[in-house]
Amino acid sequence: MNANHDENTKWLHSPVSEKLRRLQPMHEIELQPYLGGKRKLKIFRTQVLIGQSADCDIQIEDPFLSPVHAELRLARDGSGYSVHDLHSRNGVFLNGVRVDSAPLPSRGTLRVGRSFLRWLEPGLDHEDVGEGWVVADPAMKSLLDSLRRVAQSALPVLLLGETGTGKDVLARLLHRWSQSGKGPYIPVNGALTGGNLAESELFGHARGAFTGAENARLGALRSAHGGSLFLDEIADVPACAQVKLLRALETGEVKALGSDRAERTSFRLISATSRDIDQSIQEGTFRLDLYYRVAGFVVHVPPLRERPLDILAIARKQVRESGLELDREAENRLLSYTWPGNVRELRAGVERAVVAANAHASSCILADHFEGLSRALPPALARSPRTQTLEELERQILLSSLERNGWGRVATANELGIARSTLHAKMRRFHLRDEAMAKKPY
């Protein structure tokens, strides 16, 4: 590509993930529009609309193109992509042949109107950041860059995100990058038993401070002096300990249970929670003043389903370390799953697949080795604990129709008997996106 084309290169986020003989995962697609310079498209989602309309995922300026011209759609089982002509004026041509619907080969050219889409297969650019972690997704790379910068300050950091997203790993990285990195790293879980045991865990105790206190204990805050304190699940710290914790963080002094003397301590504070912290504050279970003290810099860790490149990078690394290879169809299976348990569940799933592959004397992990993925969820997660509201029922009807139609918006709108603009409005209202690989907001 020449310099002029490079100047016009834009990176878009839309749908894809694939298989042998079809677009491979995380393809790079080159778009040559009828009007304007070449662009490169990074495909991240499982369904793409192509056309002139602003509602399309790939919007192309081409007078020979219909408003909604064609659609790329990933099969529900993750087996590969196909292209579908959405009743366009001038048709869809795959490698020079007009098609209504056809699977996409591993390489080829798609002509829509007088514009062309050509796909390539780039490698997966990942970064080994330590702590056994690899990062490939742009969102996580940006997050790590932010953490590296804030690590040079004394700001307390609050990590928010679903369970299993790697907040504990990020905390250890932040400690390593901080000026306190040569000091101790003290992790403590905020879900402590109430009363003396909770305060002893945090603040320590003098000998004989309470029944069973036969020896003195420093506690987490004093043990972290000169290093970092990682207070995990801080929203679960018992109410009886929150006031004393706030006072200790504000003054830098800790008074152990049963002691009359306060001791100075200085450390880098890193906190984390998988709870909705705003809801905890509204419900009165977490103090607002304590939140202001710990939330000097707030980091929202995205769930794994929003980091498709990380799914592949983590799985490939783990598989290589086991001396095996990962089949393309197996990668599609990983990308089509929503990973409610995030990185923790992914690693467990890959570990089970390695065992299954070894049991069959296979040097390659296949899609069938991940058969237990959908069954790995506890039954309780599939049951509703109460009667659904009308709004919840409407959301479920929309979601079911979208899934039945492979997230094809035109087909879904036709099935439901509503206008596509109405469908888009409802999808925005209920925050419905392809949960496997959604990267781009509506």
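**Details of the overall build of the chain**
Consideration 1: A tally of regular secondary structure across the chain gives 14 helices and 23 strands.
Consideration 2: Evaluated residue by residue, the chain yields a buried proportion of 50% over its 442 residues.
Consideration 3: Partitioning the contacts of the chain with sequence separation of at least 6, the portion at a separation of at least 24 is 64%.
Consideration 4: Approximately 21000 Å² of the chain is accessible, and the part contributed by carbon and sulfur atoms is 48%.

**Some details on the sheet that holds strand β6 (residues 70–74)**
Paired through their backbone hydrogen bonds, the strands of a sheet run either parallel or antiparallel.
Consideration 1: If you walk across this open sheet you meet the five strands as β5-β4-β6-β7-β10, and the pairing is mixed. Looking at which strands have only one partner, the edges of the open sheet turn out to be β5 (58–59) and β10 (101–103).
Consideration 2: Where strand β4 (residues 47–51) and β6 come together, four bridges link them in antiparallel fashion. Residue pairing in the sheet places Gln-47 in a bridge with Arg-73 of β6.

**Let's talk about the confidence of the model for the chain**
Consideration 1: On average, residues of the chain carry a pLDDT of 79, and 78% of them reach 70 or more.
Consideration 2: Within the chain, the lowest mean pLDDT, 35, falls on strand β1 (residues 11–15), and the highest, 96, falls on strand β15 (residues 157–160).
Consideration 3: The model gives residues 1–26 a pLDDT under 50, and that stretch makes 100 contacts with residues more than four places away or in other chains.

**Notes on the pairing of β15**
Consideration 1: With burial as the criterion, each face of β15 is covered, one bearing Val-157 and Leu-159 and the other bearing Leu-158 and Leu-160.
Consideration 2: Judged from the four bridges that link them, β15 and strand β20 (residues 268–273) form a sheet pairing that is parallel. If you follow Val-157 over to β20, its bridge partner there is Ile-270.
Consideration 3: Examined bridge by bridge, β15 and strand β21 (residues 297–300) share four bridges and lie parallel to one another. Residue pairing across strands places Leu-160 opposite His-300, the latter belonging to β21.

**Regarding the pattern of salt bridges**
Consideration 1: Under the criterion given, the structure shown has 13 salt bridges.
Consideration 2: A salt bridge links Lys-38 to Glu-30; the nearest nitrogen and oxygen atoms lie 3.8 Å apart. Here Lys-38 and Glu-30 have matching classes, each one buried.
Consideration 3: The salt bridge involving Glu-162 is made with Arg-305; its shortest N-O contact spans 2.7 Å.

**Regarding the packing of helix α13 (residues 409–416) against helix α14 (residues 420–429)**
Consideration 1: Orientation of α13 relative to α14, taken along the N-to-C sense of each, is 100 degrees, at an axis distance of 9 Å. Judged on the interaxial angle alone, α14 and α13 are roughly perpendicular. Of the residues in α14, those touching α13 at Arg-409, Val-410, Thr-412 and Ala-413 are Arg-420, Leu-423 and His-424.
Consideration 2: Taken together, the residues that form the contact of α13 with α14 break down as three nonpolar, two polar and two charged.

**What to know about the nonpolar core**
One recurring pattern in soluble globular proteins: nonpolar side chains tend to sit buried together.
Consideration 1: Membership of the largest hydrophobic core comes to 47 residues, with the highest contact counts inside it found for Leu-147, Leu-170, Leu-346 and Ile-365.
Consideration 2: At the level of secondary structure, the elements contributing two or more residues to this core comprise β14 (133–135), α2 (138–151), β15, α3 (167–177), β20, α9 (308–321), α10 (328–335) and α11 (342–359).
Consideration 3: Looking at this core element by element, the count peaks at seven residues for α9.
Consideration 4: One finds Leu-246, Leu-249, Val-254 and Phe-286 within the second-largest nonpolar core, a separate group that totals 29 residues.

**Quick notes on α9**
Consideration 1: Here α9 spans 20 Å end to end across 14 residues, near enough to the 20 Å set by a 1.5 Å rise per residue.
Consideration 2: In terms of residue burial, α9 counts as a mostly covered element, since twelve of its 14 residues are buried.
Consideration 3: Looking at α9, one finds that the buried residues are Pro-308, Leu-309, Asp-310, Ile-311, Leu-312, Ala-313, Ile-314, Ala-315, Arg-316, Lys-317, Gln-318 and Val-319.

**Observations regarding the packing of α9 against α11**
Consideration 1: One way to put it is that α9 packs onto α11 with a least axis distance of 10 Å and a crossing angle of 40 degrees. Taken as axis vectors, α9 and α11 run oblique relative to one another. In terms of crossing hand, the pair formed by α9 and α11 is right-handed. Counted together, Ile-311, Ile-314, Ala-315, Gln-318 and Val-319 of α9 and Val-343, Leu-346, Arg-347, Val-350 and Glu-351 of α11 form the full contact between these two elements.

**Some details on α3**
Consideration 1: Taken across its eleven residues, α3 has eight buried, putting it largely inside the fold.
Consideration 2: Within α3, burial applies to Lys-167, Val-169, Leu-170, Ala-171, Leu-173, Leu-174, His-175 and Trp-177.

How each quantity is defined
- Residues numbered from 1 in each chain as written.
- Predicted model: local features only at pLDDT ≥ 70, side-chain atom pairs only at ≥ 80, totals over all residues.
- Heavy atoms only, no water.
- Helix = DSSP H or I, 4+ residues; strand = E, 2+ residues; numbered from the N terminus.
- Buried < 20%, exposed > 50% of the residue type's maximum accessible area, 1.4 Å probe, protein only.
- Contact = heavy atoms within 4.5 Å.
- Areas by Shrake-Rupley, 256 points an atom, 1.4 Å probe, with all protein chains shown as cover.
- Pairing = 2+ DSSP bridges.
- pLDDT = per-residue confidence, 0-100.
- Salt bridge = Lys/Arg side-chain N within 4 Å of Asp/Glu carboxyl O.
- Axes fitted to C-alpha atoms, helices over the stretch in contact; angles between N-to-C directions.
- Parallel < 35°, antiparallel > 145°, perpendicular 65-115°, else oblique.
- Nonpolar A, V, L, I, M, F, W, Y, C, P; charged D, E, K, R; others polar.
- Core = buried A, V, L, I, M, F, W, Y, C linked by side-chain atoms within 4.5 Å.
- Expected span 1.5 Å × (residues − 1).
- Left-handed = near helix turned anticlockwise from the far one by under 90°.

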